[in-house]
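Here is what each chain is made of, one letter per residue.
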Amino acid sequence: MLKRAAVESTAEAYLELLAARGVEYLFANAGTDFAPLIEAYAKRGAQGQASPRPITVPHEVPAVAMAHGYAMVTGRPQVVMVHVIVGAGNAVGGIINAARSNVPILFSAGRNPITEAGHAGSRDRPIHWAQESFDQAAMVREFVKWDYELRSVSDLETVVDRALTLAQAEPQGPVYLTLPREVLGARQEAIEYADPARVAKPGPLVPSPESIDEAARILAAARNPLIIVKAAGRDPGAVASLVALAEMLGAPVFDQFHTYVNFPQDHPLHGGFDAAPHLDAADAILVVESDVPWFPAFTRPRAEARIIHVGVDPLFSRYPLRGFPTDLALAGTPRLALQALADAVARSADAAAVAVRRKRWEGQHAGQREAAAARARAVQSDTPIDMAWLSRCVGDVVDDQTIVVNEYDLDATQACFTEPGTYFAAPPSGGLGWGLGAALGAKLAAPDKTLICCVGDGAYIFGAPTAAHFVSRAYNLPVLFVVFNNRTWNAVKRAVQTFAKDGWAVKTDSMPLTALEPAPDYEMVCRASGGHGERVEDPALLPDAHEYHLKRFLHEFFPRGVEFPAHPAVAVPEDLPLGSVVTASGRVSAAVEFDVAEPSTLPFSAVQLTRLDEALTLVSRHTELRFSVYLGDLGEDSHAGAQRLHGQLGAAAADSVLVAVDPQRRNVDIVTGPEARLRLADRGCKLAVMSMVASFKEGDLVGGLLSGLRMLSDQAGVPHHSH
Ligand SMILES: Cc1ncc(C[n+]2csc(CCOP(=O)(O)OP(=O)(O)O)c2C)c(N)n1
Ligand SMILES: [Mg+2]
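Residues numbered from 1 in each chain as written. Chains lettered and ligands numbered in written order. Predicted model: local features only at pLDDT ≥ 70, side-chain atom pairs only at ≥ 80, totals over all residues. Heavy atoms only, no water.

A. Highlighting the packing of helix 25 (residues 682-697) against helix 26 (residues 701-716). Running from N to C, helix 25 and helix 26 cross one another at 165°; their axes reach a closest spacing of 8 Å. The orientation of helix 25 with respect to helix 26, classified from their angle, is roughly antiparallel. Taken as a pair, helix 25 and helix 26 cross one another with a handedness that is right-handed. Residues Gly-684, Cys-685, Leu-687, Ala-688, Ser-691, Met-692, Ser-695 and Phe-696 of helix 25 lie in contact with helix 26, whose contacting residues are Leu-701, Gly-704, Leu-705, Ser-707, Gly-708, Met-711, Leu-712 and Gln-715. In the contact of helix 25 with helix 26, the residues fall into 9 nonpolar, 7 polar and no charged. (Axes fitted to C-alpha atoms, helices over the stretch in contact; angles between N-to-C directions. Helix = DSSP H or I, 4+ residues; strand = E, 2+ residues; numbered from the N terminus. Parallel < 35°, antiparallel > 145°, perpendicular 65-115°, else oblique. Left-handed = near helix turned anticlockwise from the far one by under 90°. Contact = heavy atoms within 4.5 Å. Nonpolar A, V, L, I, M, F, W, Y, C, P; charged D, E, K, R; others polar.)

B. Spatial organisation of the side chain of Gln-131. Within the fold, Gln-131 resides in the loop between helix 5 (127-130) and helix 6 (138-141). Classification of Gln-131 by relative accessible area gives buried; the value is 10%. When near neighbours in sequence (up to four residues on either side) are disregarded, Gln-131 contacts His-83, Val-84, Ile-85, Val-86 and Asn-112. (Buried < 20%, exposed > 50% of the residue type's maximum accessible area, 1.4 Å probe, protein only.)

C. Summary view of the site of ligand 1. Around ligand 1, 16 residues are found, and the nearest of them are Asp-409, Asp-457, Gly-458, Ala-459 and Ala-491. Measuring from a nitrogen atom of ligand 1, one finds a backbone N or O atom of Gly-430 at 2.8 Å. Thr-488 is positioned with one of its backbone polar atoms (N or O) 2.9 Å from an oxygen atom of ligand 1. In isolation ligand 1 has 590 Å² of accessible area, and contact with the protein removes 76% of it. Secondary-structure elements contributing two or more residues to the shell around ligand 1 are helix 16 (457-462) and helix 18 (490-499). For the shell around ligand 1, the element with the highest residue contribution is helix 16, accounting for 4 residues. Split by residue class, the shell around ligand 1 holds 7 nonpolar, 7 polar and 2 charged. (Near = heavy atom within 4 Å. Polar contact = N/O pair within 3.5 Å; in protein donor to acceptor, adjacent residues only side chain to side chain. Areas by Shrake-Rupley, 256 points an atom, 1.4 Å probe, with all protein chains shown as cover.)

D. Examining the coordination of the magnesium ion (ligand 2) more closely. Looking at the magnesium ion (ligand 2), one finds its protein donor set to be Asp-457 (OD), Asn-486 (OD1) and Thr-488 (O), positioned 2.0 to 2.2 Å from the metal centre. Here the donor residues for the magnesium ion (ligand 2) map to a single chain with the spacing D-x28-N-x1-T. Linking Asp-457 in helix 16 with Asn-486 in the loop between strand 18 (480-484) and helix 18, this pair joins segments that are 29 residues apart in sequence. Accessibility expressed as a relative area gives 2% for Asp-457, which makes it buried. A residue is classified by how much of its surface remains accessible, and Asn-486, at 25% relative accessible area, is partly exposed. (Donors = N, O, S within 2.8 Å, 3.2 Å for Na, K, Ca; no water.)

E. Representation of the side chain of Gln-136. Along the polypeptide, Gln-136 turns up in the loop between helix 5 and helix 6. Setting aside anything within four residues of it in sequence, one finds Gln-136 in contact with Val-84, Ile-85, Ala-109, Gly-110, Arg-111, Tyr-176 and Thr-178.

F. Region of interest: the pattern of salt bridges. Under the defined criterion, the tally for this structure stands at 28 salt bridges. We note a salt bridge from Arg-141 to Asp-147, for which the minimum N-O separation is 2.8 Å. Judged by relative accessible area, which is 36%, Arg-141 ranks as partly exposed. A residue is classified by how much of its surface remains accessible, and Asp-147, at 22% relative accessible area, is partly exposed. (Salt bridge = Lys/Arg side-chain N within 4 Å of Asp/Glu carboxyl O.)

G. Representation of the sheet that holds strand 21 (residues 626-631) in the model. An order of 21-22-23 is seen for the 3 strands of this open sheet, with the pairing classed as mixed. Among the strands making up the open sheet, the edge pair consists of strand 21 and strand 23 (667-672). The average angle at which neighbouring strand axes cross in this sheet is 15°, direction not considered. Looking at chain direction, strand 21 and strand 22 (residues 656-662) are connected through 6 bridges and run parallel. (Pairing = 2+ DSSP bridges.)

H. Structural view of the sheet that holds strand 15 (residues 402-407). Overall, parallel pairing links the 4 strands, which are arranged 16-15-17-18 in an open sheet. Here the strands that pair on one side only, and so sit at the sheet edges, are strand 16 (423-425) and strand 18. When strand polarity is set aside, the average angle formed by the axes of neighbouring strands in this sheet is 15°. Here strand 15 runs beside strand 16; their pairing, made up of 3 bridges, is parallel. Counterpart to Asn-406 in the pairing with strand 16 is Ala-425.

This is how it looks when you write it as structure tokens:
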């Protein structure tokens, strides 16, 4: 059907078309080249016309990563637009990542005005001379499937449809469009376009039946077949097909350098994450969506082993050098190719041999899981916190409603991902800075899921964290960012250790260019955007901290007002004694331990008490001081009233901190015992009081108390135990 829409400019026609084609978002980092587009957005907004929702991402690295994250969760391409050559320059790393991950993105950049004068949009800024290049697309051409510069509105529909179609055709990947300002700014009256689009949506690919039969013959005849997979789970539907094939063969699946959930980690045929020790014994190897099945410099299969590659582009044709032996290469969508293989193998497999093999691999699976758990247990009390223990603690809070985005350092052996589409790891190209944006894009795509983003301290900095936290707050995208802070680029260190095992750097313990010290207070970066940030140094607190942040802070503080359906609401029995609550973990606990003069005037609901109680528990554990809160009448002399209450604590008073609030008299007092005072300077207490009073004035009693407790806890810090 031909549709006609009144538009004022080419820029508006572009928005009209993108919306018609189902593009939901425009991840943008704007510049002067955006003027016609912003004008068009304003007009369409005023008139209630649909456009892709504009998302302001104040750095190109997270902008591209957000589109990547959104597309990897939904499979739907989104649009990124950046500012001329300089914005494109910043974005290239992300485009390389999207290209090597086969993620569809319509990447675009404005182009500096072409003309010096004479057109609407001709050059009118000094940058307009220096920001022109001879070939703007050259910057990304190697990593996009197609590039073009829009010349006229008359080609707009063709160009948009071609861009979106090519991005989605396998092997999927980014495409690039340059949008000159004169073209975007050209006046128009209307645009006519086909709705729905007259382009075929790219479909899945299927290998020929002959090649499937041949591959199935090789696999079914093998005595010791094994499967290596890296990225089949890009299509969540491929997981079931791979399970079917592995079971039909009784073959282990090695989830090697995996970037997706390819195979349920708890499946008895999940062989772990390293195929190398088993290569030598294999007589048939199936390599599924894996660019690097082994390192030829260290190990390789036996010469007579038959090797089959399956993938949308099993030759990895955009890689300059890749020479893994191949007897058969099946080009096809893994979901279909693997299912076809499973069906074909079913016709000829030797059931008895399969059962024996399966038993053997099941034994090794169980041993590996137990060994991983033991590795974490062995270091659970180590300080600084061991990466394996941190990984285990993250792994333990993951459920099938959680999505984890991992840009280094989460050790997947310590978790157990089973649901397709719940785990995403850094792209094969490893362009750092992907994680934060990808997690935000994933959250945008899956608002009902809990998002955990694991990053190294290095990766966190690369991700432009101030921009990422800005987006998180601005667009209500709560994510738990876990920074694995080892104060170094350990990967670079390890490379030196491998390269020169007994060399100068190792012997002299000197590794310039690898340290990230002095380490910033990373938790502050998040707080600067209204998030809750916390540093955990005590390994014993880790499990609680994760539970706590997920169940509490993530939706209480960051950002406000977002509910987490993933976690069931806390059930609060009505007949509990006043001041008692059921916490998220089911524990009944008392938040306020004082005799309350007039219980009926307590302005807290049970749920608010839960929050307060958990905050009290956490700050008390963190600081090892006893925190308590009193709310009620403090009498004429509020300070004396508070002192009296503090005195009621008896022997515990020395290391206690009492926050006493008299709402009627609008008074806040903090009383510290002698031990506690050593850790909490008066100035810090005053700041906390000021912050609380400010919140109370806005009527936010609980919020004020919580932020006051946080400030006190920050100031007291963790105790320095002498050993
Ligand atoms: C854009 C970019 N620059 C540099 C690198 C090189 N590089 C690879 S890993 C790494 C260190 C990552 O540090 P961190 O996130 O702290 O993890 P760790 O190595 O400490 O485990 C660096 C700098 C890269 N991959 N990408
Ligand atoms: Mg690090």
